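Residue-level listing of the chains:
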Amino acid sequence: MSFVSVAIDGPAGAGKSTIARAVAAQLGYLYVDTGAIYRTVGLAVRRQDADPHDNASVIPLLDGLSVELRIEPDGIQHMYLNGEDVTRPIREPEIAMYASAVSALPQVRAFLLEMQQSLARTQNVVMDGRDIGTVVLPDATVKIFLTASPEIRARRRWKEQQERGNGESYDQVLQEVLQRDDQDTHRAVAPLRQAEDAVLVDTSELDLEESISAILEIVKECASHERGAGEAGEKVPLPHGKAVQTLVPCGL
Ligand code: DC
C-alpha cells in the first residue's frame, strides 16, 4: 500500500509549520516538523558548549546521542533528547541558530535522514522542512515551496515573539531571518532550494486562512493528477477572488 506524502519546504518564517499543521489536520494526515529534529541536535550541541559550525566538535557528540520523535496521544509531535522531553527548550531563538549551523554538516543530515523517511513509509504525512522535496522524499506525492519576502517573514516572527513576551526588536529579527536564509541556502549539503517539480506559493499577500486554502487546493489538484500531468502557470483560485499562480506543474 502506498501512502500520500505532502512535502512543504521553504525559508524560516514563511508560515510552514502553522500552515502544514492545519493542512495535515484537515486531511487527517500526520504532521511532521523536521526543523524540530535539527533543533534537538542544536540543543544537544549547545548544552555541550560545542561549536555548532565545527565538524570535529559536533561529530563525536552524535555517537552517544538519542534523538526521538514521538507523536503523543493528542497527535502533537514531541522531541526527546536522551529521553528528556525537549519540545519547549528547542523553541528558544538561540537554538534556531544552532540548528541552522549543525544542519549544514553532512554527518548530521545523514544521522537524521532515515528517521524522517521511515515516518512517510507507514502513513500519510505532511512534512515540512528545507530539503523534504529535494532529498528526504524526492518522490513525494505533492511538493510545495512556501515563501514570502524576508521583511514580511521577519514581521510575522517579531509579532509572534512579542506575543510570547520576547523583547527582540524588529531589526534584530530581520537580521536573524536574513542570516538564516543565507546559511540555509548556501550550505554545500542539501541547501534550501525549490525542487523542480514543486509548486511555488508566495504567502506575502495571503493571510493564514488563504494560505491553508491554497495548499489544500494544490494537494487536491496534484493528488488527483498522475505525476507528469498539470499545466504550468495554472491558477489556483482562493477565497476573496485571489489566486495563486502555480509556476511549475505538479510532478514535472
Ligand atoms: O524550521 P525551523 O526553523 O524549525 O528549522 C531550524 C533549522 O533547521 C533551519 O535553520 C534549517 C534546519 N533544517 C534543515 O536544514 N532541514 C530541514 N528539513 C529542516 C530544518
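Residues numbered from 1 in each chain as written. Predicted model: local features only at pLDDT ≥ 70, side-chain atom pairs only at ≥ 80, totals over all residues. Heavy atoms only, no water.

Looking at this structure, how should I read the environment of aspartate 207?
Following the sequence through the fold, aspartate 207 ends up in the loop between strand S8 (199-202) and helix H9 (208-224). With relative accessibility at 38%, the residue aspartate 207 sits in the partly exposed group. Remark: the alpha-carbon pair of aspartate 207 and glycine 15, spanning 192 residues in sequence, is separated by 9.9 Å. There is a polar contact of 3.2 Å between the side chain of aspartate 207 and the backbone nitrogen of glutamate 209. (Helix = DSSP H or I, 4+ residues; strand = E, 2+ residues; numbered from the N terminus. Buried < 20%, exposed > 50% of the residue type's maximum accessible area, 1.4 Å probe, protein only. Polar contact = N/O pair within 3.5 Å; in protein donor to acceptor, adjacent residues only side chain to side chain.)

Would you take a moment to explain the nonpolar core for this structure?
In terms of nonpolar packing, the biggest core is built from 36 residues, with Val41, Val67, Met79, Val108, Leu112, Met127 and Leu137 touching the most fellow members. Broken down by element, the residue count for this core peaks at 7 residues, all from helix H2 (residues 34-47). Leaving out residues up to four positions away in the same chain, valine 108 has contacts with Tyr38, Val41, Val58, Leu62 and Val102. In terms of nonpolar packing, the next biggest core, distinct from the first, is built from 21 residues, Ile8, Val126, Val142 and Ile215 among them. (Core = buried A, V, L, I, M, F, W, Y, C linked by side-chain atoms within 4.5 Å. Contact = heavy atoms within 4.5 Å.)

Would you take a moment to explain the sheet that holds strand S4 (residues 77-81) for this structure?
Strands pair in a sheet through their backbones, by hydrogen bonds, and they do so in one of two ways: parallel or antiparallel. Read across the open sheet, the 3 strands follow the order S3-S4-S5; overall the sheet is antiparallel. Looking along the sheet, the strands with just one partner apiece sit at the ends: strand S3 (67-71) and strand S5 (84-85). Pairing of S3 with S4 involves 5 bridges; the strand directions are antiparallel. From the neighbouring strand, arginine 70 faces S4, where its bridge partner is histidine 78. Where H2 meets the sheet, it contacts S3, S4 and S5, and its direction lies at approximately 30° from that of S4. (Pairing = 2+ DSSP bridges. Axes fitted to C-alpha atoms, helices over the stretch in contact; angles between N-to-C directions.)

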